[in-house]
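If you want the building blocks of each chain, they are given just below.
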2 protein chains.
Amino acid sequence: MRRTTVSAPGPGGYPKRASTEKLQEIFLKHASIHKNGEAFMSSNDFVRGFLGLLPHEDYNEQSVRLLAGIIDTSKDGLISFAEFQAFEGLLCVPDALYRTAFQLFDISGKGMISFKEFCEVLTSTELNERLSFGMDNQFLKLYFGKEKTRAINYSEFSQFLHDFHEECGTQAFQKFDKDGSGFITALDFQDIMVNIKNHLLTKEVQDNLVAAAGGQGGHRVSFPYFMAFNSLLSNMELIKRIYLNATNGNRTQEITKDEFLYSAQMMSQITPLEVDILFHLCHLIHQRGRIIYSDIQAIAPEQYHKRLNNRLAEIRAVSSPEERGFLIQVLESTYRFTLGSVAGAVGATAVYPIDLVKTRMQNQRTGSLLGK
Amino acid sequence: MRRTTVSAPGPGGYPKRASTEKLQEIFLKHASIHKNGEAFMSSNDFVRGFLGLLPHEDYNEQSVRLLAGIIDTSKDGLISFAEFQAFEGLLCVPDALYRTAFQLFDISGKGMISFKEFCEVLTSTELNERLSFGMDNQFLKLYFGKEKTRAINYSEFSQFLHDFHEECGTQAFQKFDKDGSGFITALDFQDIMVNIKNHLLTKEVQDNLVAAAGGQGGHRVSFPYFMAFNSLLSNMELIKRIYLNATNGNRTQEITKDEFLYSAQMMSQITPLEVDILFHLCHLIHQRGRIIYSDIQAIAPEQYHKRLNNRLAEIRAVSSPEERGFLIQVLESTYRFTLGSVAGAVGATAVYPIDLVKTRMQNQRTGSLLGK
């Protein structure tokens, strides 16, 4: 496994490697299997014991097996301390969630993902039950080859995950557009956004989905509107930059749609329809014709690391530094949080790294969605 | 036609409306048709006379007709002064190029674009000859409906143009990937990028396309690599922001790939593969393992308005303010430049607004590509 040390931790505190002693203490607390004098965790120890996932009695064994496979890189059903420690290192690299997702899909541990592996994980997800993603479409052939015999490596897989998530939106639209008219109802639009594109929604946007759909006249949403809506929410960092460019960095200056459009054309490929949707959403939320920076903030989806860092800050704030086991507590929380997110993602929205955290945060009290 | 006045022109000088007298002077210079005491421009007057496009004797009449249709909104084959003036207003709105492209495709002048109109314009383009874009694919059905009977309005069309351009890349990849392996050769990759994605390429990137393709090992390009490469070049504004976020605004601080990845995960959906390509491209150009702001600038495609504004600044710099007809000259140049770009776009890359300008700039001396 590639190991990377981060020389300059960013703002908010990037996870640092734990000491071997502390890790061993955690490991031994949960390892129930002893073989030739060495302790191992079983899949159950790791997923249900250590992570506290799938707590119910009627848990899904396939889910436990898939989640334990992320850390069990030798694929022998036993998690050694070396594997546990290697995984802790993985969680500290900047692309931890993409790497974690990769190991989840790399069932055979070969360092490449085959179409069969992709299918096996995907069909275990709730996303697939909701959407029944077509496994014989052109999209998958482009990545896995016409005969779907090509395995893909880590960096290609990261791009595949990203593009797959976009494709899921298109497939969901087609599923709801039964007569092929090119339109779906406002309620179906809300359904897709809440269930498949949830990671893009702030509370303000979620509350206004049906009203936003009415922006086209009539409560129907066309495919270009659907595309523009998702593209807008995916590009909110760029939208902020366009706003700040138009106001020379001032965050409280109100700007009109034309001023925004002009700034957008200067530096990006944001379409006029995306700008229409931006102003319509801001108007629905704040009843103003012009927008300021905080209006944009209200509809910009939070990103993964920001949440992770906020969460770590929270944990630090409530624990006294003198408290015994403080570091262990932080460590365990990080593990649970990050890995739990994978579980949540597999359950709720399959594979998209950004989803990993959000879903887990929402489901912290109700347990993972993966085991049903 | 919608008319918008821009209250706060941005930096670089946004086009202002011309006076009626100046416009009339220009109009009468080229109008060859007189009817009931009123002067009109023919399609030929406007496209070949005023714009100076299609100068060769064996010009394509269909091209002249399509280009004149942008301004001839009454579709009677005659361009009145009112139409000429309305068009000057159109060129001053912030989304001028999207609106110009819309009028090019709106052959019937109904304010909606039908599938038939889209096909008629597209099949006149060089892009289509190169790519023979499939007219019966799923992509077009999503926008025009299953039976392709649905007409689309201006804002939907703006999104369609954007998405169509992405789809052209995918179709070109599939065309070159004859055996459906999921790979194309480095030379085919270069061919697609230069001929279809030219607006994304700086000289530095164009010179390194084949070498960049070698980044995957072997001179083949996989589909995810192709997607990531194009996505990266489309998102360079975001890349700049990620860099500045990592350096706290310092533009000369060198950062490593891990530092960049960390900053990227904090605020965006940039994939690890896109970051790999970014660092590989910067290394090819500057032979360094770390990057600074100017490395990013070297591969960031210039945007439309920046070019337009630079061009206007150039014209101002070479003309003495006292010179008679200075304003007219600027005005004519703006017209020629903007409209000429449409012609260039129709010729070289069909319909993408950003292409409009670049293509025209390259073909200024060799004449338009539209008429063959």
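Calculation notes
Residues numbered from 1 in each chain as written. Chains lettered and ligands numbered in written order. Predicted model: local features only at pLDDT ≥ 70, side-chain atom pairs only at ≥ 80, totals over all residues. Heavy atoms only, no water. Helix = DSSP H or I, 4+ residues; strand = E, 2+ residues; numbered from the N terminus. Buried < 20%, exposed > 50% of the residue type's maximum accessible area, 1.4 Å probe, protein only. Contact = heavy atoms within 4.5 Å. Areas by Shrake-Rupley, 256 points an atom, 1.4 Å probe, with all protein chains shown as cover. Salt bridge = Lys/Arg side-chain N within 4 Å of Asp/Glu carboxyl O. Phe/Tyr/Trp six-rings, centres within 6.5 Å; stacked < 30°, edge-to-face > 60°. Lys NZ or Arg CZ within 6 Å of the ring centre and 35° of its normal. Core = buried A, V, L, I, M, F, W, Y, C linked by side-chain atoms within 4.5 Å. Axes fitted to C-alpha atoms, helices over the stretch in contact; angles between N-to-C directions. Parallel < 35°, antiparallel > 145°, perpendicular 65-115°, else oblique. Left-handed = near helix turned anticlockwise from the far one by under 90°. Nonpolar A, V, L, I, M, F, W, Y, C, P; charged D, E, K, R; others polar. Disulfide = S-S within 2.5 Å. UniProt positions renumbered as here; feature names shortened; annotations may be inferred. Domains from an automatic or database assignment. Polar contact = N/O pair within 3.5 Å; in protein donor to acceptor, adjacent residues only side chain to side chain. pLDDT = per-residue confidence, 0-100. Lys, Arg positive; Asp, Glu negative; His and termini not counted.

1. A short note on the overall build of chain A
Then, number 1: In terms of regular secondary structure, chain A is built from 20 helices and 4 strands.
Then, number 2: Looking at the 372 residues of chain A, the share that counts as buried comes to 61%.
Then, number 3: Put simply, 63% of the contacts in chain A that link residues at least 6 apart link residues at least 24 apart.
Then, number 4: Just so you have it, chain A exposes about 14,600 Å², and 50% of that area is on carbon and sulfur atoms.

2. With respect to the pattern of salt bridges
Then, number 1: Counted under the stated rule, the structure contains 20 salt bridges over all chains.
Then, number 2: Here B:Lys148 makes a salt bridge to B:Asp136, at a shortest N to O gap of 3.0 Å. One end of the pair, B:Lys148, is in the loop between α8 (138–144) and α9 (154–176); the other, B:Asp136, is in the loop between α7 (126–131) and α8, and 12 residues separate them in sequence.
Then, number 3: Taken together, the salt bridges that share partners define one network made up of A:Glu237, A:Lys240 and B:Arg241.

3. A short note on unusual backbone geometry
Residues and elements named next belong to chain B.
Then, number 1: Its identity as a non-glycine residue notwithstanding, Lys 75 has a phi of 55°, on the positive side.
Then, number 2: When you line up the elements, Lys 75 lands in the loop between α3 (61–71) and α4 (81–90).
Then, number 3: Judged by its relative accessible area of 28%, Lys 75 falls in the partly exposed class.
Then, number 4: Unlike most non-glycine residues, Gln 287 shows phi in positive territory, near 55°.

4. With respect to the packing of aromatic side chains
Then, number 1: Following the criterion strictly, the structure yields 58 aromatic pairs over all chains and no others.
Then, number 2: Considering the side-chain rings of A:Phe27 and A:Phe81, the 5.5 Å spacing of their centres and the 70° angle between planes classify their relative orientation as edge-to-face. A residue pair is termed long-range when its members are at least 10 positions apart, and A:Phe27 in helix α1 (residues 20–30) and A:Phe81 in helix α4 (residues 81–91) qualify at 54 residues. The same class applies to A:Phe27 and to A:Phe81, which are both buried.
Then, number 3: Between the aromatic rings of B:Phe102 and B:Phe157, the centroid separation amounts to 5.7 Å while the plane-to-plane angle is 70°, which identifies the pairing as edge-to-face. On the criterion of sequence distance, the pair formed by B:Phe102 in helix α5 (residues 96–105) and B:Phe157 in helix α9 is long-range, its members being 55 residues apart. The pair formed by B:Phe102 and B:Phe157 is uniform in burial state, with each residue classed as buried.
Then, number 4: Above the face of the B:Phe176 ring, B:Lys175 is positioned so that its terminal group lies 5.7 Å from the ring centre.

5. Focus on the nonpolar core
As a rule of thumb, nonpolar side chains are buried together in soluble globular proteins.
Then, number 1: By size, the foremost hydrophobic cluster in this structure holds 197 residues, and its most contacted members are A:Phe229, A:Phe260, B:Phe229 and B:Phe260.
Then, number 2: If near-sequence neighbours (up to four positions away) are discounted, A:Phe260 is found in contact with A:Ile239, A:Ile242, A:Tyr243, A:Ile255, A:Val275, A:Leu278, A:Phe279 and A:Ile291.

6. Quick look at the packing of helix α14 (residues 236–246) of chain A against helix α15 (residues 257–267) of chain A
All names here are of chain A.
Then, number 1: Put simply, α14 and α15 touch, their axes get as near as 9 Å, and they point 110° apart. Viewed along their axes, α14 and α15 adopt a mutual orientation that is roughly perpendicular. The handedness of the crossing between α14 and α15 comes out as right-handed. Every residue of α15 that contacts α14 at Leu 238, Ile 239, Arg 241, Ile 242, Tyr 243, Asn 245 and Ala 246 is listed here: Glu 259, Phe 260, Ser 263, Ala 264 and Met 267.
Then, number 2: Class assignment for the residues of the contact of α14 with α15 results in 8 nonpolar, 2 polar and 2 charged.

7. Some words on the environment of A:Ile192
Residues and elements named next belong to chain A.
Then, number 1: Along the chain, the position of Ile 192 falls in helix α10 (residues 186–195).
Then, number 2: Taking the relative accessible area as the measure of exposure, Ile 192 reaches 1% and is therefore buried.
Then, number 3: Remark: the alpha-carbon pair of Ile 192 and Cys 168, spanning 24 residues in sequence, is separated by 9.7 Å.
Then, number 4: In this structure Ile 192 touches Ala 172, Phe 173, Phe 176, Ile 184, Lys 197 and Phe 226, once residues within four positions along its chain are discounted.

8. Looking at helix α14 (residues 236–246) of chain B
All names here are of chain B.
Then, number 1: With respect to burial, α14 is a largely interior element, 9 of its 11 residues being buried.
Then, number 2: Of the positions making up α14, those classed as buried are Met 236, Glu 237, Leu 238, Ile 239, Lys 240, Arg 241, Ile 242, Tyr 243 and Leu 244.
Then, number 3: Of the residues flanking the end of α14, it is Asn 248, one or two places downstream, whose phi is positive at about 55°.

9. Observations concerning the state of the cysteines
Then, number 1: Applying the stated rule across the entire model yields 0 disulfides over all chains.
Then, number 2: In this structure A:Cys168 is a free cysteine whose sulfur lies 13 Å from that of A:Cys119, the closest cysteine sulfur available.

10. Here we look at the UniProt feature "domain: EF-hand" (unreviewed entry) in chain A
Then, number 1: The UniProt record marks residues 93–128 and 164–199 of chain A with the feature "domain: EF-hand" (unreviewed entry), using the residue numbering of this structure.
Then, number 2: Helix makes up 64% of residues 164–199 of chain A and strand 8%. Its end C-alpha atoms lie 15 Å apart.

11. Some remarks on the packing of helix α13 (residues 223–234) of chain A against helix α16 (residues 272–286) of chain A
Residues and elements named next belong to chain A.
Then, number 1: Contact geometry of α13 with α16 gives a least axis separation of 9 Å together with a crossing angle of 70°. Relative to α16, α13 is oriented roughly perpendicular. From α13, Pro 224, Tyr 225, Ala 228, Phe 229, Ser 231 and Leu 232 reach across to α16, where they touch Leu 273, Glu 274, Ile 277, Leu 278, His 280 and Leu 281.

12. A closer look at α3(B)
Then, number 1: Among the 11 residues that make up α3(B), 8 are buried, leaving the element largely enclosed by the rest of the structure.
Then, number 2: Every buried residue of α3(B) is accounted for by B:Ser63, B:Val64, B:Leu66, B:Leu67, B:Ala68, B:Gly69, B:Ile70 and B:Ile71.

13. Regarding the domain arrangement of chain A
Then, number 1: Domains assigned within chain A are domain 1 (20–92), domain 2 (100–179 + 331–347) and domain 3 (202–300).
Then, number 2: Look at where the C-alpha atoms of domain 1 of chain A and domain 3 of chain A centre, and you get two points 45 Å apart.

14. So, the environment of A:Asp95
Residues and elements named next belong to chain A.
Then, number 1: With respect to the helices and strands, Asp 95 occurs in the loop between α4 and α5 (96–105).
Then, number 2: The class of Asp 95 is buried, set by a relative accessible area of 1%.
Then, number 3: A polar side-chain atom of Asp 95 sits 2.7 Å from a polar atom in the side chain of Tyr 154.

15. So, the confidence of the model for chain A
All names here are of chain A.
Then, number 1: When pLDDT is averaged along chain A, the result is 77; 73% of the residues meet or exceed 70.
Then, number 2: Least confident of the elements in chain A is helix α20 (residues 353–362), whose mean pLDDT is 32; most confident is strand β2 (residues 38–40), at 96.
Then, number 3: Note on residues 1–13: pLDDT is under 50 here. Beyond four places in sequence and across chains, it has 26 contacts.
Then, number 4: For this predicted complex, the interface confidence reaches an ipTM of 0.80, while the overall pTM sits at 0.80.

16. Looking at the side chain of B:Asp163
Then, number 1: Its location among the elements puts B:Asp163 in helix α9.
Then, number 2: Among buried charged residues, B:Asp163 stands out as having no salt bridge; its nearest opposite-charge side chain is B:Lys197, 10 Å away.
Then, number 3: Leaving out residues up to four positions away in the same chain, B:Asp163 has contacts with A:Met227, B:Phe139 and B:Tyr143.

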